[in-house]
Amino acid sequence: MKGLPLSTRYSFFLILLHYIVKCSGYPIIFEAVHNDRACMDLNIPDGDDAHLLLLPLPEDIEPEVEDWFFTELSEMSRPSSVQFLKDLARMPQDISDKIKQHKNRARVSVMVEEEETKVVAKSQVMTYFRPTIIKNISKTGKGWDVTRGNYRICVHARGSADVRILFDMIKVSEYQDKMERKHVVKKDHLTPLERGFDESSALAKSIIDEMHYMEKREIRMKRTADGTNSRIRWFSYLSILILVGVTWVQMKYLKGYFRKKKIL
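Residues numbered from 1 in each chain as written. Predicted model: local features only at pLDDT ≥ 70, side-chain atom pairs only at ≥ 80, totals over all residues. Heavy atoms only, no water.

Student: Is there a simple way to think about helix H5 (residues 192–260) in this case?
Tutor: An α-helix turns once per 3.6 residues; consequently, residues spaced three or four apart project the same way. A rise of 1.5 Å per residue sets the reference length of H5, with its 69 residues, at 102 Å; its end C-alpha atoms lie 101 Å apart and thus fit the reference within 8%. Buried within H5 are the following residues: Gly196, Glu199, Ser200, Leu203, Asp209, Lys216 and Arg220. Just beyond H5, the residue with positive phi is Lys262, at close to 55°. (Helix = DSSP H or I, 4+ residues; strand = E, 2+ residues; numbered from the N terminus. Expected span 1.5 Å × (residues − 1). Buried < 20%, exposed > 50% of the residue type's maximum accessible area, 1.4 Å probe, protein only.)

Student: Where do I start with unusual backbone geometry in this structure?
Tutor: With the exception of glycine, most residues fall at negative phi, and the peptide bonds are largely trans. A positive phi angle, close to 55°, is found at Asn35, a residue other than glycine. Here Asn35 lies in the loop between strand E1 (28–32) and strand E2 (36–43). Positive phi is not limited to glycine here, since Leu85 has a value of about 55°. Following the sequence through the fold, Leu85 ends up in the loop between helix H2 (63–76) and helix H3 (93–99).

Student: Teacher, can you tell me more about the sheet that holds strand E3 (residues 50–58) here?
Tutor: Sheet strands pair via backbone hydrogen bonds, and the direction of the pair is either parallel or antiparallel. If you walk across this open sheet you meet the four strands as E1-E8-E3-E6, and the pairing is antiparallel. On the outer flanks of this sheet lie E1 and strand E6 (132–134), each paired with one strand and no other. Put simply, the sheet's adjacent strands are angled 25° from each other on average, direction ignored. Alignment of E3 against E6, held across three bridges, turns out to be antiparallel. Following the sheet pairing, Leu52 is matched in E6 by Ile134. (Pairing = 2+ DSSP bridges. Axes fitted to C-alpha atoms, helices over the stretch in contact; angles between N-to-C directions.)

Student: Quick question: what am I supposed to make of the pattern of salt bridges here?
Tutor: Once their charged atoms are close, side chains differing in charge can pair, the charge on each being opposite to the other. One pass over the full model with this rule turns up eight salt bridges. Residue Asp41 is joined to Arg152 by a salt bridge in which the shortest nitrogen-to-oxygen separation is 2.8 Å. Taken as a pair, Asp41 in strand E2 and Arg152 in strand E7 (residues 150–158) lie far apart in primary sequence, 111 residues in all. Judged by relative accessible area, which is 39%, Asp41 ranks as partly exposed. Notably, a salt bridge pairs Glu64 with Lys98, separated by 2.4 Å at the nearest N-O pair. Of this pair, Glu64 sits in helix H2 while Lys98 sits in helix H3; the two residues are 34 residues apart in sequence, bridging distant segments of the chain. Through salt bridges with shared partners, a single ionic network connects Glu31, Glu59, Glu66 and Arg164. (Salt bridge = Lys/Arg side-chain N within 4 Å of Asp/Glu carboxyl O.)

Student: Would you mind going over the side chain of His51 with me for this structure?
Tutor: Relative to the assigned elements, His51 resides in strand E3. A relative accessible area of 4% means that His51 is categorised as buried. Reaching out from His51, the side chain makes a polar contact with the backbone nitrogen of Asn136 at a distance of 3.1 Å. Excluding residues that lie within four positions of it along the chain, His51 makes contacts with Leu85, Ile134, Lys135, Asn136, Asp168, Met169, Ile170, Val172 and Tyr175. (Polar contact = N/O pair within 3.5 Å; in protein donor to acceptor, adjacent residues only side chain to side chain. Contact = heavy atoms within 4.5 Å.)

Student: Whenever I open this one, the environment of Asp87 confuses me. Can you help?
Tutor: Relative to the elements of secondary structure, Asp87 occurs in the loop between H2 and H3. Placed 15 residues apart in sequence, Asp87 and Glu72 show a C-alpha to C-alpha distance of 8.6 Å. If near-sequence neighbours (up to four positions away) are discounted, Asp87 is found in contact with Met76, Arg130 and Pro131. A distance of 2.8 Å separates a polar atom in the side chain of Asp87 from a polar atom in the side chain of Arg130.

None of this, on its own, says anything about what the molecule does.
Quick look at the structure:
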């Protein structure tokens, strides 16, 4: 790279950013053990909001059935799809037949709570093989706040069967920007360099959001460390007071004992 001209290296950098931005996310899969909670942390940038998509499946689901639901949930989270935030496509007959074989099911619920205050923002019961869409989970408010935007998503499976959860999140700002560019900006209106700058700015915004998230995490960790140090300090003071008190009691006891024995 050092031997290449500056213009060539700059073009390579823009192409790299182009493919980084174009990489689309896919749903993640996590498991909820029966009669237990499975939780994950979620951060929403200040001034933004998010929609959640969850779909519960039995633990022993066939791979081809899981792949079909995985693909459908991906379509529901893709802004350019006709299924965006709507519903699954028509289910093939072979998938429907395999679903009917799974009779042992748990009662599955999802709860979204503010991580700092433990206040429940959203709570909903989920149905097997049906997507659950939770819209606009962000707490309203303006400006920057360390407690705002940090959420914990917990799935609780009540019953004798484990549950596999397909999960995806959609940031409102991201898909709104994509829809606006789709309707306002046409491909022939922008040169490749301008498209590269546009996509680079989108990447820079996501990096700034991540930096804000790390700043919040750092403040919360400092607050936790300060609280722990304060408790240790007061515990040390209490230990010293107890030690002084025990020493004083022992001295009084020994002094009285020696006087009684006429040693002193």
